[in-house]
Amino acid sequence: MNVIIDNSDLFLTGFKNTGILFAISAFFALILGTVVAGMRVSPAPAMRAAGTFYVNVVRNTPLTLILAFFALGYPKLDLPEISFMNAAIIGLSLYTATYVSEAIRSGINTVSVGQSEAARAIGLPFMQTLTLIVLPQAFRSVVPPLFSVFIALLKNTTVAAGFSVLEAGAIRAYLSERGEPLLPGLLWVALIFVVLVLGILTPLQRYLEKKWRVAR
Amino acid sequence: MTNPVQAPALVELKAVNKHYGPLHVLQDINLQVTKGEVVVVIGPSGSGKSTLCRTINRLETIDDGSITIEGEELPKEGKALAALRADVGMVFQSFNLFAHKTILENVTLGPIKVKGVSKADAEKQALALLERVGVGHQAAKLPAQLSGGQQQRVAIARALAMKPKVMLFDEPTSALDPEMINEVLDVMVELAREGMTMVVVTHEMGFARKAADRVVFMADGQIVEEATPDEFFTNPQSSRAKDFLSKILTNG
């Protein structure tokens, strides 16, 4: 117990940054992932190809490499500077968006073709057919896999510790510097992650599943 | 020889062909539907009648030939095609009501999003239409809470809300329990009486007799015979039509 009380500053800052990384990356990943899923079912071949290319390239690259690119490679390019925190947010968003996109695409496939035919038949163009009819139904059926993606994102934020972002994954290293015992510190970090998932994400998932349960 | 004065065709298919792989589903189809006409398309399964119906609002593309509505060629895609579809109502075999929207929202969505009608006006019109098809009191429910017959009547109301120039019915009663077929057919007969232009793919010979101006008989991707219902049912010309009628009318 002493470890966490004596180093509460470290734990607070660490988990605050984890929270920020998670919330902002989840937000952008959800938006980007939805757009990419839309691209992949678009009638325009160029859009489909671009979406597929992005998912295949980014999803198949280790997250560490993607973060390394933004934290270490990007500053070498002659582009506006970004902080390590922002670099981590960009990397995590781009990476997670591919998984979001695939989850949503599997949801799109569960919506019967008759739904979009009916939407087109009343004169809705592709974008509105997608946003008003198909996606709202697709989201309902992908709440569980989508939350798996977000839980993975929450834990993936710890990779950013390797790139000078003081978040929960970095707490261990700081504890060692302060000469604290390693094992209790690690266990506390692990426990807080479990509490975050079970305390926030899982209830949210249950709430959405219940709210969006549709009779078909 | 002088040309007879013809009513201009509202829907006209000229030399339309379509293949599914090696299967030639529509073979050189020529069909005209004039304003106010009710054309019933019948024929055995796999004859291409549903496909024919679906080409008229381009839910199915065609390989060659032309389809015009009020003299204008069907746009290939994009905004122009969407605009055309807004003028062509469609009722599907499996209803296809938007599952996540209420009955009222199903009917108001098109007018609000496509035609820019205000929500209040769209709802007023939708309630009147739902009343007319006999499901006015169900407006707040979700589609899955309604019976098949009720859902199909809502689907008709949804199509009517767009004030279409022509209505396409793709086997509208084929997915219904027998006791619900008539409630849908009654609405369709009513529509026909009011002068709606209709293309109806159906197996309901009763409807064809009662409401059709013309029966189009299809087999193997071709239009084999076209006649008034009376002529067709009492004196079919082709052997295929005779064969088809003998199969469906004997067990009556």
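Residues numbered from 1 in each chain as written. Chains lettered and ligands numbered in written order. Predicted model: local features only at pLDDT ≥ 70, side-chain atom pairs only at ≥ 80, totals over all residues. Heavy atoms only, no water.

**Topic: the packing of helix H5 (residues 148-160) of chain B against helix H6 (residues 178-193) of chain B**
Residues and elements named next belong to chain B. The criterion, for reference: To define axes, lines are fitted to C-alpha atoms, for helices over the stretch in contact only, and angles between the resulting N-to-C directions are given on a 0 to 180 degree scale. Only DSSP runs of H or I covering at least 4 residues are called helices, and only runs of E covering at least 2 are called strands; the numbering of each starts at the N terminus. Any angle between 65 and 115 degrees counts as roughly perpendicular, while under 35 counts as roughly parallel, over 145 as roughly antiparallel, and the rest as oblique. Rotating anticlockwise by less than a right angle from the far helix to the near helix defines a left-handed crossing, while the corresponding clockwise rotation defines a right-handed one. What makes two residues a contact is simply this: any of their non-hydrogen atoms within 4.5 Å. In this classification, the charged set is Asp, Glu, Lys and Arg, the nonpolar set is Ala, Val, Leu, Ile, Met, Phe, Trp, Tyr, Cys and Pro, and all remaining amino acids, among them Gly, are polar.
Relative orientation of the contacting elements H5 and H6 amounts to 20°, with a least axis distance of 8 Å. The pairing of H5 with H6 is recorded here as roughly parallel in orientation. Here H5 and H6 pass one another in a crossing that is right-handed. On H6, the residues touching Gly148, Gly149, Gln150, Gln152, Arg153, Ile156 and Leu160 of H5 are Met180, Glu183, Val184, Val187, Met188 and Leu191. Taken together, the residues that form the contact of H5 with H6 break down as seven nonpolar, four polar and two charged.

**A few points about the pattern of salt bridges**
Heads up, the condition is: What makes a salt bridge here is a side-chain nitrogen of Lys or Arg within 4 Å of a carboxyl oxygen of Asp or Glu, nothing more.
According to the stated counting rule, one finds 16 salt bridges over all chains in the structure shown. Close ionic contact of Asp87(B) with Lys165(B) constitutes a salt bridge, the shortest N to O distance being 3.3 Å. In this pair, Asp87(B) sits in the loop between helix H2 (78-86) and strand E6 (88-91) while Lys165(B) sits in the loop between H5 and strand E7 (166-170), placing the two residues 78 residues apart along the sequence. Here the salt bridges share partners, and the residues they tie into one network are Glu117(A), Lys18(B), Arg54(B) and Glu60(B).

**A few points about helix H6 (residues 113-121) of chain A**
All names here are of chain A. Note the threshold: Each residue is placed in one exposure class: buried if its accessible area under a 1.4 Å probe, protein chains only, is under 20% of its type's maximum, exposed if it is over 50%, and partly exposed if it falls in between.
When you tally the buried positions in H6, you get seven out of nine residues, the bulk of the element. Of the positions making up H6, those classed as buried are Gly114, Gln115, Ser116, Glu117, Ala118, Ala119 and Ala121. Trailing H6 by a residue or two, Gly123 shows a phi angle of about 100°, which is positive.

**Brief notes about the sheet that holds E6(B)**
All names here are of chain B. This is how the line gets drawn: Any two strands are treated as partners once DSSP identifies two or more bridges connecting them.
Overall, mixed pairing links the six strands, which are arranged E6-E7-E8-E3-E9-E10 in an open sheet. For this open sheet the edge positions go to E6 and strand E10 (222-227), each flanked by a neighbour on one side alone. Neighbouring strand axes in the sheet, compared pairwise and without regard to direction, differ in orientation by 20° on average. Relative to E10, strand E9 (residues 214-219) is paired through five bridges, and the arrangement is antiparallel. Residue pairing for E10: Phe217 is matched across the bridge by Glu225. Its contacts with the sheet put H5 on E6 and E7, and the angle it makes with E6 is roughly 170°.

**Some points on the packing of aromatic side chains**
This is how the line gets drawn: Ring pairs are drawn from Phe, Tyr and Trp, using the six-membered ring of Trp, whenever the two centres fall within 6.5 Å, and their geometry is named by plane angle: stacked under 30 degrees, edge-to-face over 60, tilted for the rest. Throughout this description, the term charge over a ring refers to an Arg CZ or Lys NZ atom that lies within 6 Å of the ring centre and within 35 degrees of the ring normal.
Scanning all chains against the criterion turns up nine aromatic pairs over all chains. Residues Phe27(A) and Phe28(A) carry aromatic rings whose centres are separated by 5.3 Å and whose planes lie at 70° to one another, so their mutual orientation is edge-to-face. Counting every residue linked through ring pairs, the aromatic cluster contains Phe217(B), Phe232(B), Phe233(B) and Phe244(B). Over the ring of Phe98(B) we find Arg158(B); its NZ or CZ atom is 4.5 Å from the centre of that ring. In this structure, Arg209(B) is placed above the aromatic ring of Phe233(B), and the distance from its NZ or CZ to the ring centre is 4.6 Å.

**Brief notes about the pairing of strand E8 (residues 197-201) of chain B**
Within a regular strand, side chains alternate between the sheet's two faces. Residue and element names in this part refer to chain B. This is how it is decided: The handedness of a crossover follows from its direction of travel: if, with the strands pointing away from the viewer, the path from the first strand over the helix to the second runs clockwise, the crossover is right-handed.
Of all five residues making up E8, five are buried, and the element is well covered by its neighbours. A two-sided burial pattern is seen for E8, the buried positions comprising Thr197, Val199 and Val201 on one face and Met198 and Val200 on the other. Note: strand E3 (residues 38-42) against E8, four bridges, orientation parallel. Bridging from a neighbouring strand, Val39 pairs with Val199 of E8. Alignment of E7 against E8, held across five bridges, turns out to be parallel. From the neighbouring strand, Asp170 faces E8, where its bridge partner is Val201. Chirality of the crossover, the property in question, places the unit of E7, H6 and E8 among those that are right-handed.

Note that every value here comes from positions in space, so none of it alone points to a role or purpose.
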